[in-house]
Amino acid sequence: MELYLDTSDVQAVKKLAAIFPLAGVTTNPSIVAAGKKPLEVLLPELLEALGGQGRLFAQVMATQAEEMVEEARKLRAIVSHLVVKVPVTPQGLAAIKLLKAEGIPTLGTAVYGAAQGMFSALAGADYVAPYVNRVDAQGGDGIQTVVELQQLLTLHAPHAKVLAASFKTPRQALDCLLAGCESITLPLDVAQQMISYPAVDAAVAKFEQDWMGAFGRKSI
């Protein structure tokens, strides 16, 4: 399983990298714009926050295939092992095929349907990112989309991995993992919710209280 953070917050990545077994960091244009750092500054900082190891993802902005390929090359010049995110549009599919021929790894993003995601994998994408919560918001079933996409990739494009994205709750992320997802990317608030349990804090406080009462100290 690969666990990613979906953020441009360098300090948060550094902090959570000490806690989570992170495989890397994903970004998108909205996330980068919110942080107001250009990619040539942000991406090296994220890599450093990960301890110099880990996979980074960044997205092209162009809408035509040839221009997407040019932008992909520019992104790879910033971080040589970066995975290029390409929206799964008709032009995006064409770009994924061209990038595959150049040996540049890609992620098919903005996936709202299982068939759409499968076509990106067949075009050569290494990762496919279904938008779980956004599918739900449009009246669909995000988890079912992930289940169907996972089955399609297993049958027809086993080289590709589902990298589920767009979560609002830890439950959505867990359901994706139970559906067989090999990769997920979490926004910071969901990641923090997954390790924050008030009942655990209460239990630890009770342990300390009992230990202090018996031995007069909190240490062993």
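Residues numbered from 1 in each chain as written. Predicted model: local features only at pLDDT ≥ 70, side-chain atom pairs only at ≥ 80, totals over all residues. Heavy atoms only, no water.

Per an unreviewed UniProt entry, the protein carries the name Fructose-6-phosphate aldolase and comes from Pseudenterobacter timonensis. What UniProt records for the protein under Subcellular location (unreviewed entry) is the sentence "Cytoplasm". (UniProt positions renumbered as here; feature names shortened; annotations may be inferred.)

Colleague: Talk me through the side chain of Glu2; I want residue IDs and the actual numbers.
Modeller: Inspection of the secondary structure puts Glu2 in strand E1 (residues 2-6). By relative accessible area, Glu2 is classed as buried at 12%. At 2.7 Å, the side chain of Glu2 forms a polar contact with the side chain of Lys161. (Helix = DSSP H or I, 4+ residues; strand = E, 2+ residues; numbered from the N terminus. Buried < 20%, exposed > 50% of the residue type's maximum accessible area, 1.4 Å probe, protein only. Polar contact = N/O pair within 3.5 Å; in protein donor to acceptor, adjacent residues only side chain to side chain.)

Colleague: Provide a residue-level description of a nonpolar patch on the surface, including the pertinent values.
Modeller: Together, Tyr197, Val200, Val204 and Phe207 make up an exposed nonpolar region whose accessible area comes to about 420 Å². Looking at the element boundaries, Phe207 is found in helix H11 (residues 198-215). (Patch = residues over 30% accessible without salt bridge, like charges linked within 9 Å, V, L, I, M, F, W, Y side chains within 5 Å. Areas by Shrake-Rupley, 256 points an atom, 1.4 Å probe, with all protein chains shown as cover. Salt bridge = Lys/Arg side-chain N within 4 Å of Asp/Glu carboxyl O.)

Colleague: Tell me about the packing of aromatic side chains, residues and numbers included.
Modeller: Any two aromatic rings considered together are summarised by their centre-to-centre distance and by the angle between their planes. Taken as a whole and judged by the stated rule, the model has four aromatic pairs. Centre to centre, the rings of Tyr4 and Phe57 are 5.2 Å apart; their planes meet at 85°, and the pair counts as edge-to-face. In this pair, Tyr4 sits in strand E1 while Phe57 sits in strand E3 (residues 55-59), placing the two residues 53 residues apart along the sequence. Taking the relative accessible area as the measure of exposure, Tyr4 reaches 0% and is therefore buried. Overall, Phe57 belongs to the buried group, its relative accessible area being 1%. For the pair Phe57 and Tyr127, a centre-to-centre distance of 5.4 Å together with 80° between the ring planes defines the contact as edge-to-face. Taken together, the positions of Phe57 in strand E3 and Tyr127 in strand E6 (residues 127-130) put the pair 70 residues apart, joining distant regions of the chain. (Phe/Tyr/Trp six-rings, centres within 6.5 Å; stacked < 30°, edge-to-face > 60°.)

Colleague: A description of the environment of Tyr4 should follow, citing residues and the corresponding values.
Modeller: C-alpha separation for the pair Tyr4 and Phe57, spaced 53 residues apart in sequence, amounts to 9.8 Å. Sequence-distant contacts of Tyr4, that is, excluding residues within four places in its chain, are made with Ala23, Gly24, Val25, Thr26, Arg55, Phe57, Tyr127, Leu163, Ser183, Ile184, Thr185 and Leu186. Among the polar contacts listed, one links the side chain of Tyr4 to the side chain of Glu2, at a separation of 2.6 Å. (Contact = heavy atoms within 4.5 Å.)

Colleague: Could you give an account of the side chain of Gln59, with specific residues and numbers?
Modeller: As for its position among the elements, Gln59 is in strand E3. Judged by relative accessible area, Gln59 falls into the buried class, the value being 16%. When sequence neighbours within four positions are dropped, the list of residues in contact with Gln59 reads Asn28, Pro29, Leu75, Lys85, Pro87 and Thr109.

Colleague: Summarise the nonpolar core; cite the residues concerned and give the values.
Modeller: Of all hydrophobic cores here, the largest spans 58 residues; its most connected members are Leu56, Phe167, Cys176 and Ile184. The residues touching Ile184, leaving out its near neighbours within four places in the chain, are Met1, Glu2, Leu3, Tyr4, Leu163, Ala164, Phe167, Ala173, Cys176 and Leu177. By size, the runner-up hydrophobic cluster in this structure holds seven residues, among which are Tyr4, Leu107, Tyr127 and Ala129. (Core = buried A, V, L, I, M, F, W, Y, C linked by side-chain atoms within 4.5 Å.)

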